[in-house]
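Coordinate analysis (summary)
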Amino acid sequence: MQTGRVILIVGRIASGKTTWARQRIAQEGGVLLSCDELMLALFGPDAGTSHDALAARCRAYLLQTSLELLRQGIDVYLDWGFWRRADRDAARAFYTSRHIPCRLQVLQPPDDVWQACIRRRNDDVRTGKTSAYFVDDGLLRKCLQLYEEPALDEMTP
């Protein structure tokens, strides 16, 4: 039986990770597992002070769910930013210990494009076109403090 592959989508908040994954899936097949989509479906836009703990539980659930899909030969796109190297290392170790191919896809739009993406996303949230998180100054600051640019040694499969 052929095992699917895992793509860890790395990028700052609102950098186009979900859009990129949906385009790839439309072209090549696969399944998108998004922590934000699961969090929003279960808890709405404001999980308050419990957000980080709940998100960690969602990510653990999605890792386990991915194994079922991978065993069926389905590619899995993990969309939860992987902002910290420790998170990327842990996900890679989870899969490589199971002999499952895993690679990073890093999205780094230029700052002007990224700022436009944030504005567009916030407009879409305000008008109800999307259920993504609204990126206010506090969320942006938190995400930027957590984000660690992937190092060259992380890019090898």
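Residues numbered from 1 in each chain as written. Predicted model: local features only at pLDDT ≥ 70, side-chain atom pairs only at ≥ 80, totals over all residues. Heavy atoms only, no water.

**Concerning the overall build of the protein chain**
Note the cut-off: We count a stretch as a helix when DSSP gives it H or I for four or more residues in a row; a strand needs E for two or more, and each element gets its number in order from the N terminus. Restricting the calculation to C-alpha atoms gives the radius of gyration, and the globule rule supplies 2.2 Å times the number of residues raised to the power 0.38. Burial here depends on accessible area, computed with a 1.4 Å probe over protein chains only, as a share of the maximum for the residue type. Under 20% is buried, over 50% is exposed, and the range in between is partly exposed. Contacts between residues were defined by any pair of non-hydrogen atoms, one from each residue, lying within 4.5 Å. Using a 1.4 Å probe, the Shrake-Rupley method yields the accessible areas, and only the shown protein chains count as cover for residues. Charge counting treats Lys and Arg as positive and Asp and Glu as negative, with His and both chain ends excluded. Where a charge lies is defined by one atom per residue type: Lys uses NZ, Arg uses CZ, Asp uses CG and Glu uses CD.
Secondary structure summary: the protein chain contains 6 helices and 4 strands in total. Reading the helices (α) and strands (β) of the protein chain from amino to carboxyl end gives β-α-β-α-α-β-α-β-α-α. Compactness check: the protein chain gives a C-alpha radius of gyration of 15 Å against a globular reference of 15 Å for 157 residues, within 12% of the reference. The buried share among the 157 residues of the protein chain stands at 42%. In the protein chain, 75% of the contacts between residues at least 6 apart in sequence involve partners at least 24 apart. Carbon and sulfur atoms make up 52% of the accessible area of the protein chain, which amounts to about 9000 Å² in all. When the 21 basic and 20 acidic side-chain charges of the protein chain are each reduced to a single mean position, those positions are 2 Å apart.

**Comments concerning the environment of Cys 143**
For Cys 143, the location among the structural elements is in helix α6 (residues 137-146). Since its relative accessible area comes to 3%, Cys 143 is described here as buried. Each C-alpha atom of the pair Cys 143 and Trp 83 lies 7.8 Å from the other, and the pair is 60 residues apart in sequence.

**Focus: the nonpolar core**
The condition that has to hold: The set of buried Ala, Val, Leu, Ile, Met, Phe, Trp, Tyr and Cys residues whose side-chain atoms join them within 4.5 Å is what this entry labels a nonpolar core.
Core analysis: the biggest nonpolar cluster contains 37 residues, and Val 6, Leu 8, Met 39, Leu 78 and Tyr 95 have the highest contact counts within it. If you list the elements that add at least two residues to this core, you get β1 (6-10), α2 (35-43), α3 (51-71), β3 (76-81), α4 (85-96), β4 (102-106), α5 (111-126) and α6. The residues contacting Met 39, other than those within four sequence positions of it, are Gly 44, Ala 47, His 51, Leu 54, Ala 55, Cys 58 and Tyr 133. Among the nonpolar cores identified, the runner-up in size contains 8 residues, and Trp 20, Ile 25, Tyr 77 and Leu 107 belong to it.

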